[in-house]
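Architecture and fold: a report
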Amino acid sequence: MVLADDAMALETRHLGFTISPHEECGVEEAVRMIEAAGGESVVLTLGPPEAVEQLRDAMALGIDRAIHLQTDGSEWDGEATAGAIVDAVRADEATSGPFDLVFFGNESADSGGFQVGLRVARALGRPCATGLKGVKVEGGSVRCEQEADGGRDVYAVPMPAVLTVKEGLNLPRYPSVPGRMRAARKPVAASTPARPPARLELVRLVVPAGQGRRAELLGSGAAAAPAVVEMLRSVGVL
Amino acid sequence: MEGNEASLQSLTLARKFGEPLRAVHMEAVQPFAPDAMTALMAMVADDLDVSSVFAAGTDRGNDVMARLAARTGLPFAANCIAAEPGDPVTVVRQRWGGSLLEDALLRAPRALITVPPYAFRVTDGPAPIDVDVKPYLTRIEPEDLQVQVTGHVAAAGGGVSLAEAKVVVSGGRGVGSKEGFAIIEELAGLLGGAVGCSRVVTSAGWRPHSDQVGQTGTKIAPELYIACGISGATQHMAGCKGAKRILAINADAEAPIMQNADYAVVGDLKEIVPAISAEIRKLK
């Protein structure tokens, strides 16, 4: 990983962006639910202007419309992010009616704050189950499965609810060409919320020191097998 | 097990924040109901007027601490590998599953901090002591029981669990197909280990997501990790860097995994892996 000169962000000039794995599964699940039961789905992100590409990707998978809370690319902590999302959800619900379910990724791939979904749920007064790998609407509630103790704990969460999900919930589809063409015409509502002062403030990023592993070459090809077995014995796994 | 390890590490950081230390048993509400547990923690924190609350950075620990933060209107620093008391509190947090660190300031009247499993080795500290147990009796509000465990589904299979296996043999793009995993399974079986894989393998549908090692899969800490045909992307290394030793088998001697391994074999895994299995069989 390479840092930008001020060590406040990663150097991203040569990197591409995608929807993070957990969130991609949330998008896929929402699309599947609407396909099965009808209704409307909305995707929301808080991020710089370029993040509209990921909103288009989600709409290419079948999401109906998007809300883009635009930032200047600077760091928003979990509290600030949740606050802006709560305001946006309330504003949208005031005009378009209430959401039955709001999905979040369990934690963001980059900052890993583990809190935005739960904060939004608390502010909206809705129940929230986290880290879900199974979600199924059953009447007025959602059967939720969460990995625990070598198996899965089951919850029955009444709707409306907020659910945070993990990769493995489903296998997301690839966008089709017609899906991409439709996505280009779907509406994106952009706004620029003000960022409150951070109470968890990023000072600098640090690339951790390596673990000092220096690979010992045991050989090439099948001929290395005896040396590998000798190593397996020496470290006590054989 | 992961939880106990992280609890010990939480304790190590918490000691810097003053005496006395108090512990709240996370299994206090049965069946588990995270909002009821959170209500209990909020009550105890206020009653004892604590300066800080630490928890293990497990799924459950991070869940309950985020709920506590939301309920009490406080910021929350998840997965800290270091913390120093002060105003503000300074922390070092993991980002990208631990592939990157963040120095941060936590401005709060009460610091809420979790500590991830395997973050550092606990080498010193006072011997365990007997503690006084203070029971709290409280009424749990119905809205705090809306999210409560109603059942448990046992894991399918019954093989060696990926998270607990002493040896994990893992395959990546280089394995080439679903059927290609037969040789990975064979070697894992001979070593009494579990089969793992990289994200590209689950995305292709060759293996279930439950086999995935990485930032968004399972994080493992085996005695030995054998990575076959895995390039070693940052997100994959975030899941296996807890391994005591790593053996990389890869056709590309310049692959990133080769820089992060203890042992390496260069060449075609389709020849090397069966040859290792055959060599092990000779011993048995």
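The present account deals with the structure reproduced in this document. No experiment lies behind these values; they were computed from the predicted model shown.

A tally of helices and strands in chain A yields 6 helices and 10 strands. The principal-axis extents of the C-alpha atoms in chain A amount to approximately 70 × 45 × 40 Å. Within chain A, the proportion of its 238 residues that are buried is 42%.

Right, let's talk about the overall build of chain B for a bit. Regarding its fold elements, chain B presents 8 helices and 11 strands. Seen along its three principal axes, the alpha-carbon backbone of chain B occupies a region of about 65 × 40 × 35 Å. Here chain B holds 284 residues, and the buried ones make up 50% of them. Of all intrachain contacts in chain B linking residues separated by at least 6 positions in sequence, the fraction that spans at least 24 positions is 62%.

Another aspect to go through is the sheet that holds strand E1 (residues 42–47) of chain A. Residue and element names in this part refer to chain A. Read across the sheet, 3 strands follow the order E1-E2-E8 without closing on themselves; strand pairing throughout is parallel. Each edge of the open sheet carries a strand with a single partner, namely E1 and strand E8 (188–191). Averaged over all pairs of adjacent strands, the angle between their axes in this sheet comes to 15°, without regard to strand direction. Strand contacts of helix H3 (residues 78–96): E1 and strand E2 (65–70), with the helix running at about 145° to E1, the strand carrying the most contacts.

Residue and element names in this part refer to chain A. Summarising the element assignment, leucine 163 is placed in strand E7 (residues 161–165). Counting along the chain gives 29 residues from leucine 163 to glycine 134, while the straight-line C-alpha distance between them is 11 Å. When residues no more than four places from it in sequence are discounted, the contact partners of leucine 163 are Leu101, Phe103, Ala129, Leu132, Val135, Val142 and Cys144.

Thresholds applied
- Along each chain, the written sequence defines residue order, and numbers are assigned to residues from 1.
- Whichever chain is written first becomes A and whichever ligand is written first becomes 1, with later ones labelled in order.
- Given that this is a predicted model, residues contribute local features only at a pLDDT of at least 70 and side-chain atom pairs are listed and counted only at 80 or more, while totals for whole chains, interfaces and linings are drawn from all residues.
- Note on conventions: DSSP H or I runs of at least 4 residues are helices, E runs of at least 2 residues are strands, and numbering of each starts at the N terminus.
- Three exposure classes are used, based on other C-beta atoms lying within 10 Å of a residue's own C-beta, which is placed from the backbone: buried for 20 or more, exposed for 12 or fewer, and partly exposed in between.
- Once C-beta atoms are placed from the backbone, any two residues with those atoms within 7 Å are in contact.
- Pairing between two strands requires that DSSP report at least two bridges joining them.
- Between N-to-C directions, angles span 0 to 180 degrees; the directions come from axes that are lines fitted to C-alpha atoms, helices contributing only their stretch in contact.

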